[in-house]
Structure formats: structure tokens, C-alpha cells
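# A structural walkthrough
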Amino acid sequence: MPWSKIKPELNEPDFNNVTGKDKRIIPYADAIREALDQALSLDANVFVMGQGVDDPSGMFGATLNLHEKYGKKRVFDTPLAENGLTGIAVGAAIGGMRPVYFHNRPDFLLLAMDQIVNHASKWHYMFGGAVNVPLVIWACIGRGWGSAAQHSQALQGLFMHIPGLKLVMPATCYDAKGLMLSSIADNNPVIILEHRYNFRHKGFVPKEPYRIPIGKGIIRKPGEDITIIAASYMVSEAYNAALELSKDGIDAEVIDLRTLRPLDEELILTSVKKTGRVVVADTGWKTGGITAEISALIAEKGFASLRAPILRVACPDVPTPAGYTLEEAFYAGILEIVTAVRKLVKCKERADAKKITLK
Amino acid sequence: MPWSKIKPELNEPDFNNVTGKDKRIIPYADAIREALDQALSLDANVFVMGQGVDDPSGMFGATLNLHEKYGKKRVFDTPLAENGLTGIAVGAAIGGMRPVYFHNRPDFLLLAMDQIVNHASKWHYMFGGAVNVPLVIWACIGRGWGSAAQHSQALQGLFMHIPGLKLVMPATCYDAKGLMLSSIADNNPVIILEHRYNFRHKGFVPKEPYRIPIGKGIIRKPGEDITIIAASYMVSEAYNAALELSKDGIDAEVIDLRTLRPLDEELILTSVKKTGRVVVADTGWKTGGITAEISALIAEKGFASLRAPILRVACPDVPTPAGYTLEEAFYAGILEIVTAVRKLVKCKERADAKKITLK
Amino acid sequence: MKFSQETLLRLYYDMFRIRKTQLRIESLYHLDEMKTPIHLCIGQEAIAVGVCANLNKYDYISSSHRGHGHYLAKGGDLKKLIAELYCRETGCSKGHGGSMHLVDTSIGHMGSSSIVGGGIPTGTGMALAIHMKKQNCVSVVFFGDGAADEGVLYESINFAIIKKLPVIYIYENNQFSVCSRVSARQAGEVVFHAVAPEYMFTKTVDGNTVLEVYEAAREAVLRARNGQGPSFIECKTYRVRGHAGAGSDAKLGYRSAEEIGFWESKCPVTVFCEELLKKGLITQNEIQDMEQDIDLEIDEAFRFAQESPLPKGEHILQYLFSE
Amino acid sequence: MKFSQETLLRLYYDMFRIRKTQLRIESLYHLDEMKTPIHLCIGQEAIAVGVCANLNKYDYISSSHRGHGHYLAKGGDLKKLIAELYCRETGCSKGHGGSMHLVDTSIGHMGSSSIVGGGIPTGTGMALAIHMKKQNCVSVVFFGDGAADEGVLYESINFAIIKKLPVIYIYENNQFSVCSRVSARQAGEVVFHAVAPEYMFTKTVDGNTVLEVYEAAREAVLRARNGQGPSFIECKTYRVRGHAGAGSDAKLGYRSAEEIGFWESKCPVTVFCEELLKKGLITQNEIQDMEQDIDLEIDEAFRFAQESPLPKGEHILQYLFSE
Ligand SMILES: Cc1ncc(C[n+]2csc(CCOP(=O)(O)OP(=O)(O)O)c2C)c(N)n1
Ligand SMILES: Cc1ncc(C[n+]2csc(CCOP(=O)(O)OP(=O)(O)O)c2C)c(N)n1
Ligand SMILES: [Mg+2]
Ligand SMILES: [Mg+2]
């Protein structure tokens, strides 16, 4: 069933421009698995838990056979009981371990919001710094094949609102490994939201362990005319949109946020200062989602540079429908980004950007 | 303990300008209670549930003694078990009842996110309109006296992100009653987030049942120079800030959103068109909260009228600290609104608003 | 208990029809025309049928991701089921739900959740509605051993006992949650659930024997209709197919081919059929007639589905809110 | 079981100290200098003390909103407790937590949650950490009858049994969640919890009798240290004061003055004291000396708190993240 099995067939967009014989290309799932493997071998306090982490599909391949290498004490299946098990992971972290708790889908994290939001995110602050919770929670946003309303929610908009949580959304194989290693090394609760479509990709991943700083974004393509801001799988769409737009002579800058919280404000504001035009794109719902925060940030701190409205490309505000004809209408991507950019770049000619209205 | 008992001593700001002998003034809690009383007596399918709805304090007075009038079958105490009981309320609604489920604090709704978000909000859409969930969930945002991180979260930012939910936040005694009656009459899941500080107020409330349309805001004070957008208790702060500002000749328009979802876009955009300047104020956290969405909406659809950055007044991005000296620094209100407005109105003199930067 | 021939044949027919529907879905799934994740209930038909044979159309059921059997046993429209799998506008959920989200309010199927355990409290709540409206109905909650890991089960049962609700918990213990054995996830056979015989009627039955299920459910339903409160019935069974999708998953190696084979030999449909034949209650001819009827109905359902229009993307915002 | 005089006096002293601390807080609360919601454990001292007397400083405890007794019994700093109630920078949680959020990592108190039931899984998780690190410690989870309404209790116990974790669940059944009686919230005395003696050591004791609590906890702790897995001890007791704040709430009328009076007469501190006196294990003079010591310590703690600096608003962003 294509729903649960995605073959890593495509090369990811060539973000890194790495060349030479050292350019090792591996699938997305393998990049995560390698990070876990290295973390497990480097730190005896790291452990991996979650429904099916030890099963034949090994969490889409990301945890495959790690239980055989590290034993069922350090890589273990759990009962469903998501709130209880999250609390147990929090407690284990308080007790000095570094749990990595895997979930198929962010939808299931809704059962664990009490432990994530009321407990994990607050424990350090609430006790004046006395205790910390080095916990990683990982979940993979579903998409396609009728995953439907309860199996394809992109809930970054919720987690971005919670102080005390870090929120990480990798877009490349390189980052999937490097951000996983940083998240495990972090002394705070970190949510990693993956996207199912990233698992279609293969990309460049160095063999040795490395970390990518949490709280820093990266420019995937420099440009002068407009800034496209995205995270996770939407970065691929934005990048491809930028390539498409360049055919029309529109030079778009593509920002990959990498982490949503802390957010790399400086990177965003510097880019906006240069381009004066922004499209924010996300895999989640529009209203109250991450595109809202990024847009509001710019409207607050980057207003002086703005030469056009800030447009948001996101999913319409309905639960994910099951049927494929509806799914097609539901998901935004390259097309919607290109359209939004074209709308804004028309503004270029006008002398006074403020006067512009959009239909 | 002042924490759990708030006396309704203050008159709310005189938003309505009602005069004459028919002007009945009652406390905030009584307004809610009257709505419940009328709903229970008008519709046999309405019932009220929640921890302590039948206890001597009667949910801050909002449900006081209703169990005596309507019997313990229709007004009943529940076990804690918030996720289970929310699912039970959802099921009762599916079965044709109209439950009103009371919680002391929104913090406890985090235990019930699975049933609220995965179930209640999706049931109508997911089944192509076959079933509906006429459910009201009520919770009162805590504030002060060391309520601290787990008893004072203003979680409207989370609920605003969820399609399929309606989100209501009354600011006046009149609205507390009228919006409760509308919410109970609505065929969809409605979250009512109250604020503890509203319970300090008394205000005008007509005796007969009436409804206030969900999805429509209201202008609490018309003005020309700047728009202050707020909801719930923050409306009082915004209104008082506007009165303060008028002493300096700044004529602020104050919008009370009343409902956050659906949001009254038209009211907001019309006002911004007139004033060109906006401060959005909220009782919740800033990042990813409701101020983000409202700001992003304006940056997208009202950009042409904007003559200054959109500023947000909200709580800093940390869990609520317990100590009163920290609480004082945590909560934003009239002072922060006035400061934000003054910053923006300085922009008035400049010819080209785009050039303005803020410190 | 004595069963009329009519009842026995009805039970057989219903199981056979569910089985054949599942097999047809399975055989066509590779064509990728049903773009929806499927969870077949092959081997568990006796539970859906044995329970639902005691219900009428005003009774409620609450189901899960593995819900085709519940839907059909309760009387759900076969055409609308298949159309939903084909994501058509004519599907029971108008193409919004897919395989895991079936609904047919006309027969008390108020929608199934794919959040494991999600339907337990909602089904309990439907019993609360019955109770408050003083209706003479029951609410049946079907859930699996994975769902029994969730604390919400205990929250729900507790409430149902307190309020003496007319709810019947049908625990379909097929021994697996995906590839994870119940014995690895639960401390013991019945550590928490089904432990309160003083508080509710509890019974453990062979979930592959339709008459056992039927009898236990009958008692539970009678009690519920008489205001005697909730019941809990554990039906021991086995998931012979893979967790999701079509076909066996024996090659994955997390369970032995022998184990699967053992349970296949306990097939609730075949074994029951053999019994009926042995007792002379049915003939090979009658079986063939039944099969023909069923095949025709299934053919027609698939044709209906395939010929039905697809929902239009431009209508995506419809059904967000009820007026 | 035989107890040395030293142990008996220690148990008494610890209970007495907690009681006197609570009474002092109560008597000063009306001044509104402690701007924090308080939940007194008056009448429940025997549970905290009886359990913690079996623990050392490397053992963990997990506590709740009603946690002053647990904190003190485990060895938490009294000055830092009072300073926290006064919201001072010198408080155990630096004024960030208040009465419901105490912490003292130096004695294994890793922070208490005011989300009812919230500390149950985290305490279980601390036992998992102990287990994985192969430490010779235990983790004790204190929780109330309100917390026992929450499904997370069963999720946690189930996991603890599966993994044979060194965790001890101390169920402080004080019969109320705010004004709601346990009998109105739970289907029966022990429908779900404490029902699995084959799976873990379970025991019900008089929570007002410190030696009963001590003995049961001792066995549970020994078993946990020996790798024999989790235990569940129900301590029956009663909340004699109001749910929150200072003083009796008899006037509210949700329970009778007689009922409260009955339980006041079963006061764990006074009754134990009388027994010690009767057995000649303590003298009135010794009691007075104790009281004087305790009063002095409490005086000093309050002085320390009142003289301590308040946290500064400008530092509000501190401690969001750990480096
Ligand atoms: C709350 C939740 N956690 C995890 C999942 C992923 N999941 C989908 S089906 C399934 C198996 C559930 O097992 P069981 O309840 O026994 O039902 P069965 O599949 O055996 O019929 C799981 C874990 C889910 N859908 N919901
Ligand atoms: C999840 C949750 N629901 C509700 C509350 C409100 N609340 C605070 S204390 C309390 C009583 C809890 O009773 P119990 O667990 O028996 O503890 P006790 O107060 O009796 O010590 C309640 C309901 C809460 N804090 N958390
Ligand atoms: Mg199963
Ligand atoms: Mg209690």
C-alpha cells in the first residue's frame, strides 16, 4: 500500500551543491537511522521508544533493526497509551536519560498534549532551572492515499505556540541527520516534525556524526526579487518554484527555516530587507499556523522594507479530506507558490507599494 | 483565597451606553448562569457537566445551584478523566444531546485535545456532513495569585488553528450571556474561553434570552487614528487604553472580536482601511498566538491601507511564573497598549510610512 | 441456547457476505483505484455479525479503522461502502472519509474513528444520550487490543458503570496492534479490563465462534435494554492478514506461518459452514445460491462505485460546519 | 514489626514538624503575603512520613499540588519551602513555582505538578531511568483519589508491570477531589486499581496510622530494590481542611461537621503522640522540647522568607531553556 510504504526514489533538489567522490547519497530514512545509531553508540543514556520502532518496517526505516544492535532495553516498542508513555519519557529524561520517542503521526501527539505542554515544556522554567528535560519527540506528517483527517495533520502551528519547546523541521537528508543529533544533544524538549514526502528523497549525508545548530535557518537559494520562506517538505516545493520562476526572470530567495522555534528572525528580516516581498509557505493549515507567525513577525519588525502584502501559501482551513480529488485541492505546493510570487512581483513596477491591492 | 474567589466589584467599562430604568446590572457569573438556566429550561436536550458544576462554589458562580433546579441528571459532576469525558460529551452530542462541558481552566483541555481536535472538530467534515456535534466546551483562563504555569494558560492560540471548531471569547456581561446562548444553539463544537478577570465585572444584561451572532465582532469605541484589536478581558484593557490615549488627542478605534473563529475579517479590514495603524492585543502568548493570525491577515489583505508596522501586545514567551513580581512583568495590559499606540502614532507625521523603523 | 434455522442461515449469510466483500476489495487493491488505506477484518467476521444480529437499526455502534465488518453487519449500505473506498461523491462519507471513516446514520452507525481508542468514549457518550432521552436502545463499542492499551478505556467504563449506561464494550482481541503482540503491551491477560464482574456483566468468548459471540451479546443487550448497565465482552480472535493493505504478511517474520495457519484453520466462516452442512441445516446448493447472490451484489456495488462521480476539488470547503 | 524508640520518635517528630509548618502557613495566610494557592495536607502527614522514612536521598518522589508534606518528609529544605510560598528568589523554585510546584533535586524531589495525575507517569519514568541506569533506587509516586480518575494511572501501572520498574504508587485516598466525593466519581472501591496482586504488590492501609503506612511502604521499597517490580499502596485518609486556602470548609455544607469531627479525632499526629505517651516512649517535656525546636526552625524559615529578595520582573525570560 503506497500509503505506508514510500520508496526513496527521487534525489532531493540539489540544495547543497556538494561534489566530488565523497558525496555519499543515501535515502532520507537512512539518514535518520544513522543519527540514531551514532547517538545510541556515543551516549549510553540515549534510548529509542515508540510503537513499532522494533517492527519489520522500523518506523518507515528510520529505526530499522536498531533493537537488534542495541538490545530491546534501549530500543523498545511501547503500548499505545500516548499520554502515559510521554509522561514516562519525561520522567526518564528528568532522571537523566535522553529518550527519543517516535510516533507515526503528529495526530497521535494530541493524546499527549498534557505531558508535552503542561509538563515537558514547563519543567525547567517552573522550577527556576533546577531540572531539565532532554527529550526528543519525533512524528511524521502523513500525506496522500486517503490518509484523511486523523492521519495527516501538520501540527507545527500548535507546537510553535508553546514556550519551552523547540520545534525542528528538517527538509533535507543532511539536515534530518544533523538536526536529529542536535536535538538529542539538546537539554530541552525538542519536537521533530518530519514529513512523509521527505522520505521519497535521497541526498548527500556525511558518514561521521555532525550537528546543525537549532535556531538557525539557511538560505537554499539566494535571490533579489522576493523571499520565499518555508520549512520541511515545503522547502523542496519552494525551491522548485524558485527554479520555475527564474525562467521568467524572477529571482527568488528561498529560506529553509530548519527550526521553527527558536525562529531565525535575523535571517528572515535580512532577506526581507533585501527583497521587500515575501511569500510564506507551509504544509499545515493557514489560519493560526506557522505562516501567521512569520508573517506577523515581518509585519512588526520588517515593515519598513515591505513593498507588497505578505502572502501565505498553506492548506485550506478544513480537515484533510480522504478522496484523492479532494486531496489534490487540499495540498498547496509549487503551483500555489509560483502564483503567489507572480502576484507580488507585479507590484514591482508600481512606485508606491502601499497603494497595491490584490484580488 | 483571592485565587479562587473573585468578587464582582467593578462595573465593566461602559461599552454599551445603555441608559434608562431597564438597565439591569448583574455580575458576570450571573450572566452566564442565566444563559444556562434559560437554555436548560428551553431545550430538554441541553445538559451541563463538569468537575464541580454542582459544588458549593458552582464554577465561580456560573453554574450555581442549577443542579437543584434541573436535577443531577441534567447538571452533573464528573470524574476528572478529561479526555474520556470529552469523548463522552462528543458522543452525547452525536446522539442528539447538547452538552455544555465546564472546566475550571483551559490547561485541563490539554488532556482532551484528542477528543476536541481529532474527533469533535472533524466529525462533521469527515463524514461529509452526515453527523454533527453540537457541543460547548467552556473553560476559564486563570490569572494572578500564583496560579502559575499549569493554571493560567490562555490557549486560544491553539484552538484558533483548528478547522471545525468555533472559538468564542466574550468580553462583557451582555456577551457572556448572549454568546453562551448562541454557542448552545450552534450545531458545531464551540469552545468558549472565559477570563478570570471578567468575573470582577458587573454589567448590563437583559433578562430575556437573546443571541449574539458567532463570527461577528463589534466596535467598542469608534476612532480615526489607530485600530486596537482585542478579545475577552483584553477588550477592557484596550478600551481603557483608548480613553487614556484620547487625553493626548489620539483617537483609537477599539474592536472586540467576540469570536476568534470564524473571525470577522470584514470588520477588521474596514477599520484598518480607515486608520492605517494597528495594535493587536491578547491575553495569551505572543509567538504563534491569535495576535499572529490577525496581524498576518492584515499584512495579507489590508496591506494597502497600512501606514505603520502592526504591533502586537501579548504575554512574553515563557510559562506563567508564580511569583507576583514576575506575574506583573508577565501580563500585558493598558500600559503596553498605550506604549504601542504611541509608537505607531508617531508615524503619522511622516509622508512615506514605508520608511519608518521602530526601536 | 436454541437457534432457529433462519437465524443460523442469516448469521452465516452475513459473515459470508462480509468475507466475500473483503476478499473482493483485497483482490482489486493492487490496481490502486481504491486510494485509501484498508484494514481488512478477515477472520473476525463472527464478532461483528454475532453482536449486530442482536441489534436493531435504532441501536448505535461505534467502530474503528478496521470497520468494514461492523458497518455491513449493522446494515450499512454496501454500495456506499465501496463507493467510499473509491473516494466517490456517492460514498457513505461523500469521499471525505475513506476506508477508515465510514458512516450510515440511518442504521445507527454514527461514524468511525481511526484514532485507536477514539470511539470508546464517543460510543459511551451515545449511550449517555440514549439514557438521557430514555430511549430503549443500546450503544455497542467495538475496539481492539491496541485500543485497550489506552487509559481512556478505563475512564469510559468507569463512567458507564457510575451512570449505568446501556453500553456494550466488545473487545476484539486479535492479539496484535500492527506487529506488536498484546502480550508485549499489556501486563497480563486482564489486569484492568473485564475485572469488575460485580460492576458489570463481563464475559470472555471465542471470537471465532459466531454463536458464542451471539449468546454473550444477547445477554448484554437484554441487560442494557433492561436498564442493568454496561457489559464487557472479550472476543478472542486473530488477525490473519497483515495490519493494513492486502494479503498475508507472513514474510515479515514477526509471527510464524504455523501460527497464522492454525488460526486460518479456525476460520469463523468456514468452520461454521461445515457445522451447518454437517447438521444438514444447509446444502451445497444453498451455499452456491448464497454466493451467487452475494457476488452479484458485490459486482453491482463495485460497478456503482466505479461509475460514480468523483468529488470536485472546488467543493473542498463544504461540510466544515453544520448550519 | 518491631520499631526502635529512635524510629518512633523520628516518625513523630517528622509528622509534628509538617503539621506545625502547615498550621503556621494557615495562620498567616490571611495576611496575603503568601500570594500562592495553598493546599494543606493537615491530617495526611502519616502518609508522607511513613513512606519517606523508608527512603534515602537518592530515591525519587513525585508529588502533587498538595505537596508540602511530601517535600518536608523527603528532606526538602524548610526555608526554601517558605520562601517559595512568599514568591522569593530564594524559594526552592526561585519564585517561579509557588506552593504547587516545589522542587529539591538534592534529595530526589524532582518537581511537583499541579495537573492532577500529571506526576504519575513522570514518576514512573523516573523509575525507568533508575532501571536503565541500574541504580539501586526507587521512585515513589504520591497521588490522590482525584488523580485515580485519570486513565493515565492505568497506562502507567501497566507499563511499570511490563518493565518491572522500581516504582511505588502511594494512593492517598482522602475521599475528595475538591468537593466531589470519590464514591461519586469512581464506580466502586477498587474497580480498576489495586486489582492485580499477581502482577504487583498491593496493599490497603489506614493512612492515618503512620506505622501501618511505614510497614507497607517498607515491603514495597524492599521489593523494588530487589528488582521485584512495582507496588500499589492505598492509604485511606481524609481531608479535614478545605480543598484550598486556610481553614475548615464545614460551612459549605457538602459534608457534615460530624464527619469532619470524626476524622479529626483520628488525627494521625495526636493519636500517635498519645500512644507514645501511653507506652512511655515519650514524655510531655520531650514533646515540649520538640515543639520548641520546631517552632524556632519555622520562625527562622519565615524570617528567611520574608527578608529574602523578590525576583525581578526584568529577569522573567530566564530559565526558559537549559543550556
Ligand atoms: C492513538 C493512536 N495511536 C496509534 C495509532 C496507529 N495505529 C493505527 S491502527 C493501530 C493498531 C491498533 O490495534 P488494535 O486496536 O488492536 O486494532 P486492530 O488493528 O488489531 O484491529 C495502530 C497502533 C492510531 N491510529 N491511534
Ligand atoms: C487534570 C486536572 N483536572 C482538574 C484539576 C483541578 N483540580 C485541582 S486539585 C483537584 C483535586 C484533586 O483531587 P485529589 O487528586 O484527590 O487530590 P487532593 O486534592 O484530594 O489531595 C482538582 C480537581 C487539575 N488541577 N488537573
Ligand atoms: Mg488488535
Ligand atoms: Mg483527594
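Residues numbered from 1 in each chain as written. Chains lettered and ligands numbered in written order. Predicted model: local features only at pLDDT ≥ 70, side-chain atom pairs only at ≥ 80, totals over all residues. Heavy atoms only, no water.

In this section: the site of ligand 1. Near ligand 1 lie 21 residues; those nearest to it are Glu82 of chain A together with His65, Arg66, Gly146 and Asn174 of chain C. Ligand 1 sits at the junction of chains A and C, each of which supplies nearby residues. Val116 of chain C places a polar main-chain atom, nitrogen or oxygen, 3.0 Å from a nitrogen atom of ligand 1. One of the backbone N or O atoms of Gly146 of chain C is found 2.7 Å from an oxygen atom in ligand 1. Here ligand 1 has 580 Å² of accessible area as a free molecule, and 95% of this is covered by the chains. Among the residues making up the shell around ligand 1, the classes are represented as eight nonpolar, nine polar and four charged. (Near = heavy atom within 4 Å. Polar contact = N/O pair within 3.5 Å; in protein donor to acceptor, adjacent residues only side chain to side chain. Areas by Shrake-Rupley, 256 points an atom, 1.4 Å probe, with all protein chains shown as cover. Nonpolar A, V, L, I, M, F, W, Y, C, P; charged D, E, K, R; others polar.)

Another point: the nonpolar core. Formed by 199 residues in total, the largest nonpolar core has its most connected members in Phe159 of chain A, Phe159 of chain B, Phe143 of chain C together with Phe143 of chain D. Beyond its immediate stretch of four places on either side in the chain, Phe159 of chain B contacts Leu109, Met113, Ile116, Leu165, Leu167, Ile191 and Leu193 of chain B. Core analysis: the next-biggest nonpolar cluster, separate from the first, contains 73 residues, Ile42, Ile170, Cys273 and Leu276 of chain C among them. (Core = buried A, V, L, I, M, F, W, Y, C linked by side-chain atoms within 4.5 Å. Buried < 20%, exposed > 50% of the residue type's maximum accessible area, 1.4 Å probe, protein only. Contact = heavy atoms within 4.5 Å.)

Attention now moves to the coordination of the magnesium ion (ligand 3). Binding of the magnesium ion (ligand 3) to the protein goes through Asp145 of chain C (OD), Asn174 of chain C (OD1) and Phe176 of chain C (O), at separations of 2.0 to 2.1 Å. Within one chain, the residues donating to the magnesium ion (ligand 3) are spaced in sequence as D-x28-N-x1-F. (Donors = N, O, S within 2.8 Å, 3.2 Å for Na, K, Ca; no water.)

For the rest of this paragraph, the subject is empty space enclosed by the protein. By the definition in use, this model includes 13 cavities of 30 Å³ or more. Its boundaries defined by the atoms lining it, the largest cavity holds a volume of some 230 Å³. Listed by contribution, the elements that provide at least two residues to the lining of the largest cavity are helix H4 (113-120) of chain B, helix H6 (152-163) of chain C together with helix H6 (152-163) of chain D. Here the lining of the largest cavity is built from residues that sort into eight nonpolar, nine polar and six charged. (1 Å grid on protein atoms, 1.4 Å probe; cavity = no way out; pocket = protein on both sides within 12 Å on 5 of 7 lines; lining within 4 Å. Points joined across faces, edges and corners; volume = space filled by probe spheres on them. Helix = DSSP H or I, 4+ residues; strand = E, 2+ residues; numbered from the N terminus.)

Superposition record for chain B on chain A: RMSD 0.0 Å, screw rotation 180 degrees, translation along axis 0.0 Å. On this basis, the relationship between the two copies can be described by a two-fold rotation axis. (Least-squares fit on C-alpha atoms with pLDDT ≥ 70 in both.)

Moving on to the coordination of the magnesium ion (ligand 4). All names here are of chain D. Around the magnesium ion (ligand 4), the protein supplies Asp145 (OD), Asn174 (OD1) and Phe176 (O) as donor atoms, at distances of 2.0 to 2.1 Å. Mapped onto the polypeptide sequence, the residues donating to the magnesium ion (ligand 4) form the spacing pattern D-x28-N-x1-F. With Asp145 in the loop between strand S2 (139-144) and H6 and Phe176 in strand S4 (residues 176-177), this pair connects stretches of sequence that are 31 residues apart. Looking at Phe176, the relative accessible area reads 4%, which means it is buried.

All right, on to the pattern of salt bridges then. Opposite charge on two side chains permits pairing when their charged atoms draw close. Counting across every chain of the model gives 72 salt bridges over all chains. Close ionic contact of Glu253 of chain B with Lys274 of chain B constitutes a salt bridge, the shortest N to O distance being 2.4 Å. You can see Glu253 of chain B sitting in strand S12 (residues 252-256) and its partner Lys274 of chain B sitting in helix H9 (residues 265-275), a full 21 residues away along the chain. For Lys274 of chain B, a relative accessible area of 36% corresponds to the partly exposed category. The residue Lys301 of chain B makes a salt bridge to Glu265 of chain B at a minimum N-O spacing of 2.9 Å. Of the two residues, Lys301 of chain B sits in helix H10 (residues 290-301) while Glu265 of chain B sits in helix H9, which places them 36 residues apart along the sequence. Accessibility expressed as a relative area gives 30% for Glu265 of chain B, which makes it partly exposed. One salt-bridge network, held together by shared partners, links Lys20, Arg24, Glu291, Asp295 and Asp299 of chain C. (Salt bridge = Lys/Arg side-chain N within 4 Å of Asp/Glu carboxyl O.)

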